[in-house]
Amino acid sequence: MSAHRRPFPTRWLAAGGAAALAGLIGVALLLQTGGSACAAPPSTSVKTGKATFYDLGGTSGNCSFEVPADDLYVALGPEQYAEGASCGAYLDVTGPKGKVRVKVFDSCPECPAGHLDLSRTAFKKIGAEVDGIIPIKYKLVTNPSTPGPITVRIKEGASRFWFAARIDNHGNLLSSVQVAGPGGSFQRADRTDYNYWLIDGGAGAGPYKIKITDVYGNSTTVAGIDMDPGAVQKTSQTFAGGSTKVVEKATPTKTSPTPAAKKSSPATPSTSASAPPSPASSVAPLPASAAPAPSTTEDALVALAAGETTCD
C-alpha cells in the first residue's frame, strides 16, 4: 500500500487494484417528451469492489454539500459520479468489519467503477485503517432516510438574471429540477458537475417555486424560495419516495460561503481543479435567445444504464 499526500484532499491508494467493474448506478438515458421524463429504474443490485479513504483537508467535495454531521460520505470515479448526477444519493457499503451508509459527496477522478473512496470515518467502520484498502460489497439505497427535509441553497453571484441553486436531502437520484418565478411558468434547470442547477437567463427576482423530480418519477414542489445567495433555505418537505404536493419553505438559515470544490488526483499530486468561477464575475445576463443549449448529464449516464426504456 502506498500513500500519496497532496494539499487537497489527501487520498490513500494501494498499488494495482481490481479491474474496472460495471457501473454502480444504472440510470437510463432520460428521454424528454412533452416535458415528461422516461427512465429505467436505477440498479440496486449488490456490486463488488474495493474501498480506500481520504481526508478533505479543509475543502468541500465536488457536490458542493456541507460535510455531513456524521462524517459519512464517499467519492466516486467519473463513470459513477456521472458529472454530478450521483450527488446526494446514498450507498450501503459492507466491508470486513460491517456495514455503513454513506452519502455521495465528491468525485475521485482516478477511481475506476467499483473503487469507492470513503471518508476516514466511514472506512474505519467497515475496515482496519492500517490496511488502507479493503474489499467491499455495495449497493444504491432506494428511498433512504435523510438527516432533514429538503433544503435549497442559492449560489453566491446568482441574481434575477442568473439562477443557480443546490438541492439537498432529496435521497434518491434526481432526474430534473424546474423553477418558476412569480407568475411565470416552469423552466428546466441544467445540472452542473458541481451539483448546482442553473438557468442562464435567470428566473426573475423570486420568490420561486422549485419542482424536483427523481429517477423513479416521484416529484414534489417547494415554494417561497427567496433569491438569498449563501443561505440554506430549509423546507418542511421530506422527499423519500416523493409525492406531488407544494410545500412552503421554512425560515432560511445563513451559512458561510461554500469553499470552491476541489478535484484531486492521488496519482499526480499536483493535479487539482476548482469548480467553475463565480458567476458574479464571469457570467453576464443572457437574453433567452442567446442562452446556450442546455448541457445535460444524460449522455454520461448512458454508460451506467442497466437497461434502456422507451417512451410511447
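An unreviewed UniProt entry annotates the protein as Expansin (Peptidoglycan-binding protein) originating from Actinoplanes octamycinicus.

(A) Structural context of the packing of aromatic side chains. Under the defined criterion, the tally for this structure stands at 5 aromatic pairs. Where Tyr 54 meets Tyr 73, the ring centres are 6.0 Å apart and the plane angle is 80°; that geometry is what we call edge-to-face. Of this pair, Tyr 54 sits in strand E5 (residues 47-55) while Tyr 73 sits in strand E6 (residues 73-76); the two residues are 19 residues apart in sequence, bridging distant segments of the chain. Residue classification places Tyr 54 among the buried residues on the basis of a relative accessible area of 0%. Measuring from centroid to centroid gives 4.7 Å for Tyr 73 and Phe 105, while their planes differ by 40°, and the two rings are tilted. With a gap of 32 residues between them, Tyr 73 in strand E6 and Phe 105 in strand E8 (residues 98-107) connect regions that are remote in the sequence. The burial state of Tyr 73 is the same as that of Phe 105; both residues are buried. Each residue in the set Tyr 54, Tyr 73 and Phe 105 is aromatic and connected to the rest through ring pairs, giving one cluster.

(B) Structural detail: the pattern of salt bridges. Counted by the stated rule, this structure contains 7 salt bridges. A salt bridge links Asp 55 to Arg 120, with the nearest nitrogen and oxygen atoms 2.6 Å apart. Residue Asp 55 is located in strand E5, and its partner Arg 120 is located in helix H2 (residues 120-126); the two are separated by 65 residues in the primary sequence. On the basis of relative accessible area, Arg 120 is assigned to the partly exposed category, the value being 21%. With its nearest N and O atoms 2.2 Å apart, the salt bridge here joins Glu 129 to Arg 120. For Glu 129, a relative accessible area of 30% gives the class partly exposed. Connected through shared salt-bridge partners, Asp 55, Arg 120, Lys 124 and Glu 129 make up one network.

(C) Expanded view of the nonpolar core. Of all hydrophobic cores here, the largest spans 33 residues; its most connected members are Val 74, Leu 91, Val 93, Val 102, Leu 116, Leu 118 and Ile 136. When residues of this core are traced back to their parent elements, those giving at least two are E5, E6, strand E7 (90-95), E8, strand E9 (115-119), H2 and strand E10 (134-140). For Val 93, the contacting residues outside a window of four places in its chain are Gly 98, Lys 99, Val 100, Val 102, Leu 116, Ile 126, Ile 136, Lys 137 and Tyr 138. Among the nonpolar cores identified, the runner-up in size contains 25 residues, and Ile 154, Leu 198, Tyr 208 and Ile 210 belong to it.

(D) Molecular detail of the state of the cysteines. As enumerated under the stated definition, the model contains 2 disulfides in all. Taken in N- to C-terminal order, the disulfide-linked cysteines of the protein are connected 1-2, 3-4.

(E) Broad picture of the environment of Val 100. Mapped onto the fold, Val 100 is located in strand E8. Owing to a relative accessible area of 5%, Val 100 belongs among the buried residues under this scheme. With 24 residues separating them in the primary sequence, Val 100 and Lys 124 have C-alpha atoms 9.7 Å apart. The contact partners of Val 100, leaving out residues within four places of it in the chain, are Leu 72, Leu 91, Asp 92, Val 93, Ala 122, Lys 125 and Ile 126.

Parameters and conventions
Residues numbered from 1 in each chain as written. Predicted model: local features only at pLDDT ≥ 70, side-chain atom pairs only at ≥ 80, totals over all residues. Heavy atoms only, no water. Phe/Tyr/Trp six-rings, centres within 6.5 Å; stacked < 30°, edge-to-face > 60°. Helix = DSSP H or I, 4+ residues; strand = E, 2+ residues; numbered from the N terminus. Buried < 20%, exposed > 50% of the residue type's maximum accessible area, 1.4 Å probe, protein only. Salt bridge = Lys/Arg side-chain N within 4 Å of Asp/Glu carboxyl O. Core = buried A, V, L, I, M, F, W, Y, C linked by side-chain atoms within 4.5 Å. Contact = heavy atoms within 4.5 Å. Disulfide = S-S within 2.5 Å.

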